[in-house]
Amino acid sequence: MATITGPGTPGGRPRAQSPHLSKMERVVVSMQDPDQGVRMRSQRLLITVIPHAVTGGDIVEWLAQKFCISEEEALHLGDLLAQHGYIYPLREPHSLELRPNETPYRFQTPYFWTSTLWPAAELDYAIYLTKKNIRKQGALVEHEKEHYDQLHKKINHMWDLVVMQAREQLRAAKQRRKGDRLVIACQEQTYWLVNRPPPGAPNVLEQGPERGSCTASRVQMSSDFYKREIEFSRKALGRTRVKSSICLEAYLKFSSQHSLHDPIMSGCLPSNPWITDDDTYWAMNAPMVAVPTKLRVERWAFSFRELLDDPVGRAHFMDFLQKEFSAENLSFWEACEELRFGGQAQIPDLVDAVYQQFLAPGAARWVNIDSRTMERTLEGLRQPHRYVLDDAQLHIYMLMKKDSYPRFLKSDMYKGLLVEAVIPLETKRRVFPFMWKRRHSSPSPALLPTSGEPPAPSSAAGGGGEG
Amino acid sequence: MCDQTFLVNVFGSCDKCFKQRALRPVFKKSQQLSYCSICAEIMATDGLHESETLAALRSEAESLKGKLEEERWLQDLELEAVAERVEALGQFVMKTRRTLKGHGNKVLCMDWCRDKRRIVSSSQDGKVIVWDSFTTNKEHAVTMPCTWVMACAYAPSGCAIACGGLDNKCSVYPLTFDKNENMAAKKKSVAMHTNYLSACSFTNSDMQILTASGDGTCALWDVESGQLLQSFHGHGADVLCLDLAPSETGNTFVSGGCDKKAMVWDMRSGQCVQAFETHESDINSVRYYPSGDAFASGSDDATCRLYDLRADREVAIYSKESIIFGASSVDFSLSGRLLFAGYNDYTINVWDVLKGARVSILFGHENRVSTLRVSPDGTAFCSGSWDHTLAFWAVEPAPRSVALACGCLCCG
C-alpha cells in the first residue's frame, strides 16, 4: 500500500530547541526595554566609559518586581541568566555569576546567544586562546593553558592558520575604539566561559542523552494510521465523561480526609524520624505490629482498598470473614492476585491449584460466583493465562466490598480495634546536641528469612478513594 | 500520469496480467516492474482512488479529533472555583535533614524501598547504590557496564533492585549480604529495548517489571524468564517516564514522552485507553494522584499539569512566569494536597494541588534536580541532583491547631 509522509509529521520537523533558552531570551529582551527595563547607566572603567551597563542589584530588584518573587529567587534567576551567558560582568569577567550589588553588567549580544547553538569548534577556541596569549603573556588561566596545549597538539597542522587568524583579528580590533574593544573582548570571553566552562563551574549546555532520535518519530501517515486514530477518537467520544465539578469535589474530599494522615501536612506521632532521629514511629507502624495506631485503624474505614493494603487490617478482616464463614472469598482474591503478579512459569500450576481449591464442583473452599461468570471462567481455564481469573476475581472483590466490608466496619470487632488502638505521645525534638540520639540501623529486608509459603503480594501504598 | 509520454522499448510478458504486450516501466514501492498499457492505466486510477480514500480518512480523523477537543473543554467548574472553600496553606518550613554524598557523578534516578528508609540511586558513571538513608550508610553498590543509568527501581520485597540506561536493557540484581558473592555475578538481564531505558518499575511483585524506553515503546516483562509479556506502542517519540496506577481493580499505567503526550495504557490488552496532549514540550515525569483518579505531569515547558481520568481532561496547570526551566520530576504528598516538583534550575517548587498556587520554593542543590520521590509513608521526600548528592527533606510540623484548620472542608 502506498504511504505518504505528511509535512507536519511529529518527527518530520527538527526538534524545537530547549524552551528555556527562548524564555530566557524574552526576559533579557524585556530587561533591555527603554521604558520598562532595567535602569541603564554608563559605567566608568579606569579611563573608558562603557554605555548601557546595569548593576547587579538593579537586575535583582527588577526581576523581583516583574515576577513578584522574593529577592532570593530573583537573585537565583539572575544568576542562571549569567551562567547561560546572557549577561556578563564588565569587571573580572572570568566567572559568570550575579552579584546583587554595584557590580556592573551588560547584556550579551544576540550574536553570541547560547540558543544559536553553534558547534563552538576547536578551531575557533584555538584562535581565541591564541589571541589571549598574544595580547598579554600569561593571560591564560590554568585550564585554558591545558586546552591550549592540547589543541596545539591536536590541530598542529592548522596552527599557522590559527596564529594568522588570531593576529588578523587583533589587528582589526586595534582599529576600534577602546570601549568597543573592551566590550567585544568581554562578549567573546563570556561566550567561551559558557562553551568551555572552567573546572568546577556547571556546564549549562549539557543536556543528557540525546532524545528524539528513535525511528518511532517518523510516523507513516498511512490509511492504517488514520483508521487507528479514528477508532481511538470514536472510543474516546463514546466514553462517559464525569463532570469536572464532581471530580474536583472528589479531590477536596480525598485530601481533607487524608490530611491528618499526611505527615507533611499534620506531622506524625510520636515524632517524624527524619527530624528527631528517633525511629519509634516506624516501629509503631511496622507492617505486622501487634497493636496498630488509632490513625491506622481509622484509615481502614476510608476505602476497602486501604483495608486490604494494610497487612494488619487484612488479617483482622480475614478473622471477621472466618466468623461469617466467608473467608474463602478473601483467600480466593489473594490467590488471584498471586496469579496476576506472579512469574510466567508458575501460571499453569497456580491456575490448577486455584481451580481445585475454589472453583471445582465440591471444592473444599468453593466460592460463590454467579453462573455466567463461572461458565466464562471455566471456559477460559482450558487455556490458562495470568488474566484468566480476572472476571471471577472482580466479582468476589465487589461482593466483599459491597457486603462484607460495610458489615466489618459496623462490627464489634472493628469498634474494639478502634478502642484498643494506640495514640502515641509526642516526643519533642532534642534541642541540645549532646543529647543527640544515635540513629538505629534496621535489618535490611534482603536479610529477612523467607517463610515457607510465598507471601501474599504486598500492595502499593495509597488506596483507591471511594467516589 | 496523464501528460507523460511513454517510450515503449520492451515487448514481453506483463508482470501483472502476463499477457504478451508492449510494456512500460512502472514503479511500485520503489520496485521497478513492467506493465502493459492496460494494467498501467488500472494502476494509475487505483492510486487515485487510494489517495482519495486517504484524504477522506485524514479529514474524518481530524474532525473527530476536533470534536473530542471540544467535548473535553466543555466544563462546568474550574478547580480554583471549587477549591475556594478550602483554606490556604500556611508556611511550611522544609529543611534538608540528610544529604547522601557518595556518587561521584550526576545522580539520575532514585527509588524508595517499602521499608520507608532505604533507597536505591543511580548515576551517570554507572554506579548504582543502595543506602539506608536514615543512618546514611551505604549497603550495596554495583557498577553497571554502561553510563547514564537513568532508571532504577526497588523491588517490593526489598530483596532486589532493577536498573538500566544507555545499555538499552533493564537488569535485576538480587541484593545479597554474602561477602563472598559479587552482586554483579547474579545479575539477570530482563528487558531488551532498541534504545536507552528511561524508566522502570516493578508491579505489585518482584516477578514483573514495566519499562519505558527511548525507542518509543513501553513493555511488561517476566523477570524470571526475561519473556516479553506485553508491549505498548503508540508514542510517537521517546518515552521518558511511567507510573503504575494505585487503582482498586484495574491494571493500568500512565506514560509520558517526547511527543508531548501522556498516555494511559491497559496492561492486559496493550491498548492505549486515554491520551492527553496539552503540554508544549517533552514530558519528563508522570505521577498518579493517591486516589488513582488523576495524575500529574512535569514537562520541559516549565509547567506541571493535573489530568483527571474520569473527566478525561486537564484540570489544572501549575506554572509561574518566573519558572523558566523544565520540571524534571514530580510527586504528591500522601494526602495529595501538595505536589513537589524538581526543576532544571536547581530548585524544588511545592504546589498547592487544589488552589494551584505555589506554596514554597526550596534551594538546596547546586545543579539540576533530576529525580524526586516522596517516601512510602509520606514522612519525607528525597531529591537527587546533578550535583552528585541526594537530599532528604522533612517538614517541621505546624502546631496541632493550625494543622487541623487547613485543608478541611468544614471550615473556610
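Everything numeric in this text was worked out from a predicted model, so none of it was measured. Every chain is numbered independently, its residues counted from 1 as its sequence is written. Labels follow written order: the first chain is A, the first ligand is 1, and so on. Only residues with pLDDT of at least 70 get local features here, since the model is predicted, and only at 80 or more are side-chain atom pairs given and counted; chain-wide, interface and lining totals rely on the full set of residues. Values shown for side chains rest on all heavy atoms present in the structure; no hydrogens or waters enter the calculation.

**Notes on the overall build of chain A**
Then step 1. A count of helices and strands for chain A gives 20 helices and four strands.
Then step 2. In chain A, buried positions account for 47% of the 467 residues.
Then step 3. Contact between two residues is taken to exist if any of their heavy atoms lie within 4.5 Å; hydrogens are not considered. For chain A, the share of sequence-separated contacts (at least 6 apart) that also reach a separation of at least 24 residues comes to 63%.
Then step 4. Entry remark: accessible area of chain A is about 25100 Å², with carbon and sulfur atoms responsible for 55%. Numbering goes from the N terminus for both helices and strands, where a helix is a DSSP run of H or I of at least four residues and a strand is a run of E of at least two. The cut-offs for exposure are 20% and 50% of the maximum accessible area for each residue type, with area from a 1.4 Å probe on protein chains only; residues under the lower value are buried, those over the upper are exposed, and the others partly exposed. Using the Shrake-Rupley algorithm and a 1.4 Å probe, accessible areas are obtained, with residue cover drawn only from the displayed protein chains.

**Overview of the sheet that holds strand E2 (residues 20-28) of chain B**
All names here are of chain B.
Then step 1. On the basis of which strands lie adjacent, the open sheet formed by three strands has the order E1-E2-E3 and antiparallel pairing. Of all strands in the sheet, those with a lone pairing partner are strand E1 (10-13) and strand E3 (31-36), marking the two edges. On average, each strand axis in the sheet is inclined to that of its neighbour by 60°, with strand direction left out of account.
Then step 2. By this definition, two strands are paired if DSSP reports at least two bridges between them. Direction of pairing for E2 relative to E3: antiparallel, over a ladder of six bridges. Residue pairing across strands places lysine 28 opposite glutamine 31, the latter belonging to E3. To get an axis, a line is fitted to the C-alpha atoms, and for a helix only the part in contact is used. The angle between two axes follows their N-to-C directions and goes from 0 to 180 degrees.

**Notes on the packing of helix H18 (residues 371-380) of chain A against helix H19 (residues 390-410) of chain A**
The relative placement of two packed helices is expressed as an angle between their axes plus a distance between the axes.
Residue and element names in this part refer to chain A.
Then step 1. The N-to-C vectors of H18 and H19 enclose an angle of 150°; their axes lie 8 Å apart at closest approach. What the angle tells us is that H18 and H19 run roughly antiparallel. Contacts between H18 and H19 involve Thr373, Arg376 and Thr377 from the former and Asp391, Ala392 and His395 from the latter.
Then step 2. Of the residues assigned to the contact of H18 with H19, the class counts are one nonpolar, three polar and two charged. An angle counts as roughly parallel when it lies under 35 degrees, as roughly antiparallel when it exceeds 145, as roughly perpendicular when it falls between 65 and 115, and as oblique in every other case. By the convention adopted, Pro, Cys, Tyr, Trp, Phe, Met, Ile, Leu, Val and Ala count as nonpolar, Lys, Arg, Asp and Glu as charged, and the other residues, Gly among them, as polar.

**A look at empty space enclosed by the protein**
To find leftover empty space, one rolls a probe the size of a water molecule over the atoms.
Then step 1. Grid spacing is 1 Å over the protein atoms alone, the probe is 1.4 Å, and a cavity is where that probe fits but cannot get out, while a pocket is an open set with protein on both sides within 12 Å along at least five of seven lines and lining residues have an atom within 4 Å of a point. Grid points are joined across faces, edges and corners, and a volume is the space filled by probe spheres set on the points. Applying the stated rule across the entire model yields six cavities of 30 Å³ or more.
Then step 2. Of the pockets and cavities examined, the largest cavity occupies roughly 120 Å³.
Then step 3. The wall of the largest cavity is formed by His20, His84, Asn203, Val204, Glu206 and Gln207 of chain A together with Phe325, Asn344, Tyr346, Asn367, Arg368 and Trp386 of chain B.
Then step 4. Taken together, the residues of the lining of the largest cavity break down into four nonpolar, six polar and two charged.

**Describing the UniProt feature "domain: RGS" (unreviewed entry) in chain A**
Then step 1. UniProt positions are given in the numbering used here, feature names are shortened, and annotations may be inferred rather than shown by experiment. Here the UniProt-annotated "domain: RGS" (unreviewed entry) positions come out as residues 303-418 of chain A.
Then step 2. The annotated region residues 303-418 of chain A carries 72% helix and 0% strand content, and the separation between its end C-alpha atoms amounts to 16 Å.

**Concerning the environment of asparagine 203 of chain A**
Residue and element names in this part refer to chain A.
Then step 1. Within the secondary structure layout, asparagine 203 lies in the loop between helix H7 (178-195) and helix H8 (223-238).
Then step 2. The exposure class of asparagine 203 is partly exposed, given its relative accessible area of 35%.
Then step 3. Along the backbone, asparagine 203 and aspartate 310 are 107 residues apart, and their C-alpha atoms lie at a distance of 46 Å.
Then step 4. When near neighbours in sequence (up to four residues on either side) are disregarded, asparagine 203 contacts Val194 and Pro197.
Then step 5. What qualifies as a polar contact is a pair of N or O atoms within 3.5 Å, subject to a donor-acceptor requirement within protein and to the restriction that residues adjacent in sequence count only when both atoms come from side chains. Separated by 3.1 Å, the side chain of asparagine 203 and the backbone nitrogen of leucine 205 make a polar contact.

**Let's talk about the pattern of salt bridges**
Then step 1. Whenever a carboxyl oxygen of Asp or Glu lies within 4 Å of a side-chain nitrogen of Lys or Arg, that contact is scored as a salt bridge. Summed over all chains, the structure comprises 44 salt bridges over all chains.
Then step 2. Here glutamate 168 of chain A ties to arginine 171 of chain A by a salt bridge, and the two come within 3.1 Å at their closest N and O atoms. Taken as a pair, glutamate 168 of chain A and arginine 171 of chain A lie in helix H6 (residues 159-174) at a separation of three residues, close to a single helical turn.
Then step 3. For the salt bridge of aspartate 180 of chain A with arginine 177 of chain A, the shortest nitrogen-to-oxygen distance reads 4.0 Å.
Then step 4. Assessed through its relative accessible area of 62%, arginine 177 of chain A is described here as exposed.
Then step 5. Among the ionic contacts, a cluster of salt bridges with common partners joins Asp111, Asp243, Arg287, Asp331 and Arg373 of chain B.

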